[in-house]
Every structure is written in C-alpha cells, then in structure tokens.
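Per-entry structural report
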Amino acid sequence: MDVKIEESWKRALAPEFEKPYFQALARQLHEEKRAGRTIYPPGPLIFNAFNLTPFDKVKVVIIGQDPYHGPGQAEGLSFSVPHGIPLPPSLVNIYKEIETDLGVRLHKDGSLRGWAEQGVFLLNAVLTVRAGQPTSHSRIGWTEFTDAVIRTLSGQREGLVFLLWGNFARSKRALIDTTRHTVLEAPHPSPLARGAFFGCRHFSKTNEILAAQGKEPIDWTR
C-alpha cells in the first residue's frame, strides 16, 4: 500500500502497511469519509508526527492517547493544537511544569511543532477520531499500528528517551527495550490527576540524558 508518509518512516514501517489490519483500517477511513463523516485531524495531518520527525531524527518520544475531537484542534501531534487554538488543560499543565522545571517563562501558543522539528516524536496511540466522538477510532487498528511503531523505534534505534504520562502511556513500557532506551514515567498532566504530574522534572531530566549522550538538548520553549 502506498501510504503518504515521510520516506524514512515508510521504509521502517513497510511491513505494517501490507498487513490485513492496516488495509482494513484504510478502507474504514475511506468509507467513513465517503459517507460524509468528519474525521480529525484532516487527511494531510494524520501522519504529521512522522513527517515532522523523521525516523533517524527521533530523540524523544511522548505518547498520547487520542486526537482532539473538536473543530480545528487536532494537528497530528500528541498534546498539540494549531496556532490560535485555546490551550487544552493538559497542555496548560505541561507548560506550567516546564516553567517550574527549567525556570523559564513561556510565551507560546499550543503548537508543539517546534518540539517535533527538534526530534520530539509526538505520537498518539490512535491517529484519527470522528468529530465530537472521543475514542471513536480506538478499535479500528490504529493501536496495532502504533504499537508496531514503538517496537520498531525500540528495536532499530538506540538511546531514545520515552516519556510515559498516565496509565495508558505507561502500558506501552512493555514494548520498549529498557536496556537500550530510557523510560521516564509520571502521572498524566490532565487536571483530573489533581496536580500529580507537577514535579516530575521530565524536561530537565530528558536534556540531561541527551547531553550525556552527546546529543543536542531540546529547547522546550520553542
């Protein structure tokens, strides 16, 4: 199947695109669009995380669960919203932790594209959703695909930092070879976690790990 995705990812994931589950997934999305359903993010942004962060440029992986399901919110990057869209509550808390952790003041909107361009792979476990229906595409094959993405990164790369926030993301730890990569875990940044995310210091810790490997740290203010 000819999937429109960045070339290094296309090579790394080629076996997945030929599997029956992925072909069934593609058919379902096509049928829903033909039936007039609104799906987020828009087609060109479904693989945005992959297109902005090529396979061999990944340094950090942040795993989200499901795209935002409101108009204009989803842009194919976990926790991120496009320029001009109000900040979701989880992203507000992420920014608060960055400010406390790094001693900086953030004056940025909700787009995390600047992180992606530095090697932060912002992967949602489910890459599409029907408008107004959270988790509506959670059982059509995306999790099988993104589990394969995580396993491929784990098996073919070295020294990545995986940030697992909340129980869902933590469940992906089993897919990661912790002898080759670093896994940092924390509660989810959602306000529902009652502030338990605060104090994790994952942003400074990630940069310390990258610097120890001789890699360029992430500018989390971008």
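Summary of the structure given here. (Residues numbered from 1 in each chain as written. Predicted model: local features only at pLDDT ≥ 70, side-chain atom pairs only at ≥ 80, totals over all residues. Heavy atoms only, no water.)

Description of the nonpolar core
Grouped together as the largest cluster of nonpolar side chains are 64 residues, with contacts concentrated most on Phe50, Trp115, Trp142 and Phe145. The residues touching Phe50, leaving out its near neighbours within four places in the chain, are Ile5, Glu6, Trp9, Leu13, Phe121, Leu123, Leu127, Phe145 and Val149. (Core = buried A, V, L, I, M, F, W, Y, C linked by side-chain atoms within 4.5 Å. Buried < 20%, exposed > 50% of the residue type's maximum accessible area, 1.4 Å probe, protein only. Contact = heavy atoms within 4.5 Å.)

Description of helix 7 (residues 142–156)
Relative to the 21 Å expected for 15 residues at 1.5 Å per residue, helix 7 spans 21 Å between its end C-alpha atoms, a close match to the ideal helical length. Burial in helix 7 covers these residues: Trp142, Phe145, Thr146, Asp147, Ala148, Val149, Ile150, Thr152, Leu153 and Ser154. (Helix = DSSP H or I, 4+ residues; strand = E, 2+ residues; numbered from the N terminus. Expected span 1.5 Å × (residues − 1).)

Focus: the packing of helix 5 (residues 89–102) against helix 9 (residues 202–212)
At their nearest, the axes of helix 5 and helix 9 sit 8 Å apart, and the two run at 60° to each other. As the angle between them shows, helix 5 and helix 9 are arranged oblique. Seen from helix 5, the contacting residues are Ile94, Glu97, Ile98, Asp101 and Leu102; seen from helix 9, they are His202, Phe203 and Ser204. (Axes fitted to C-alpha atoms, helices over the stretch in contact; angles between N-to-C directions. Parallel < 35°, antiparallel > 145°, perpendicular 65-115°, else oblique.)

Quick word on the side chain of Thr53
Mapped onto the secondary structure, Thr53 falls in the loop between helix 4 (48–52) and strand 2 (60–64). On the basis of relative accessible area, Thr53 is assigned to the buried category, the value being 1%. For Thr53, the side chain forms a polar contact with the main-chain oxygen of Ala116, separated by 2.8 Å. (Polar contact = N/O pair within 3.5 Å; in protein donor to acceptor, adjacent residues only side chain to side chain.)

Focus on the sheet that holds strand 2
Sheet architecture is open: four strands sit in the order 3-2-5-6, paired in parallel fashion. At either end of the open sheet lies a strand with only one pairing partner, and these are strand 3 (120–124) and strand 6 (182–186). The average undirected angle you get between the axes of adjacent strands in this sheet is 20°. As judged from the five bridges shared by strand 5 (residues 161–165) and strand 6, these two strands associate in the parallel manner. Residue pairing across strands places Leu163 opposite Leu184, the latter belonging to strand 6. The sheet strands contacting helix 7 are strand 2, strand 3 and strand 5, and the helix crosses strand 3 at an angle near 155°. (Pairing = 2+ DSSP bridges.)

Concerning the pairing of strand 5
Among the five residues in strand 5, five count as buried, and that is most of the element. Covered by surrounding structure in strand 5 are Val161, Leu163 and Trp165 together with Phe162 and Leu164, the residues of both alternating faces. Two strands pair when backbone bridges link them, and strand 2 and strand 5 are joined in this way by three bridges, in the parallel orientation. Its bridge partner lying in strand 5, Val61 is registered against Phe162.

A closer look at empty space enclosed by the protein
Counted according to the given criterion, the structure contains one cavity of 30 Å³ or more. Lining the largest cavity are Pro41, Pro67, Tyr68, Ala74, Glu75, Gly76, Leu77, Ser80 and Asn124. Tallied by class, the residues present in the lining of the largest cavity amount to five nonpolar, three polar and one charged. (1 Å grid on protein atoms, 1.4 Å probe; cavity = no way out; pocket = protein on both sides within 12 Å on 5 of 7 lines; lining within 4 Å. Points joined across faces, edges and corners; volume = space filled by probe spheres on them. Nonpolar A, V, L, I, M, F, W, Y, C, P; charged D, E, K, R; others polar.)

Brief notes about the packing of aromatic side chains
Summed over the entire model, instances satisfying the criterion amount to 20 aromatic pairs. With a centroid separation of 5.1 Å and 75° between ring planes, the pair formed by Trp165 and Phe197 is classed as edge-to-face. One end of the pair, Trp165, is in strand 5; the other, Phe197, is in the loop between strand 6 and helix 9, with 32 residues separating them in the sequence. By the ring-pair criterion, three or more aromatic residues cluster together here, those being Trp9, Phe17, Tyr21, Phe22, Phe47, Phe50, Phe55, Phe121, Trp142 and Phe145. (Phe/Tyr/Trp six-rings, centres within 6.5 Å; stacked < 30°, edge-to-face > 60°.)

Section: the side chain of Glu97
Within the secondary structure, Glu97 is located in helix 5. Of the buried charged residues, Glu97 lacks a salt bridge, with Arg201 as the closest side chain of opposite charge at 6.1 Å. Those residues within four positions of Glu97 in sequence are excluded, and the remaining contacts are Phe197, Phe198, Gly199, Cys200, Arg201 and Phe203. (Lys, Arg positive; Asp, Glu negative; His and termini not counted. Salt bridge = Lys/Arg side-chain N within 4 Å of Asp/Glu carboxyl O.)

Concerning the layout of surface pockets
Its volume calculated, the largest pocket comes out at about 490 Å³. Broken down by element, the residue count for the lining of the largest pocket peaks at four residues, all from helix 8 (residues 166–170). In the lining of the largest pocket, the residues fall into 11 nonpolar, 12 polar and one charged. What the second largest pocket holds in volume is close to 410 Å³. Along the walls of the second largest pocket sit 16 residues, with Lys4, Lys33, Gly43, Ile46 and Phe47 positioned nearest its centre. Of all the elements, helix 3 (residues 20–34) adds the most residues to the lining of the second largest pocket, at six residues. When the residues that make up the lining of the second largest pocket are grouped by side-chain class, the tally is 10 nonpolar, three polar and three charged.

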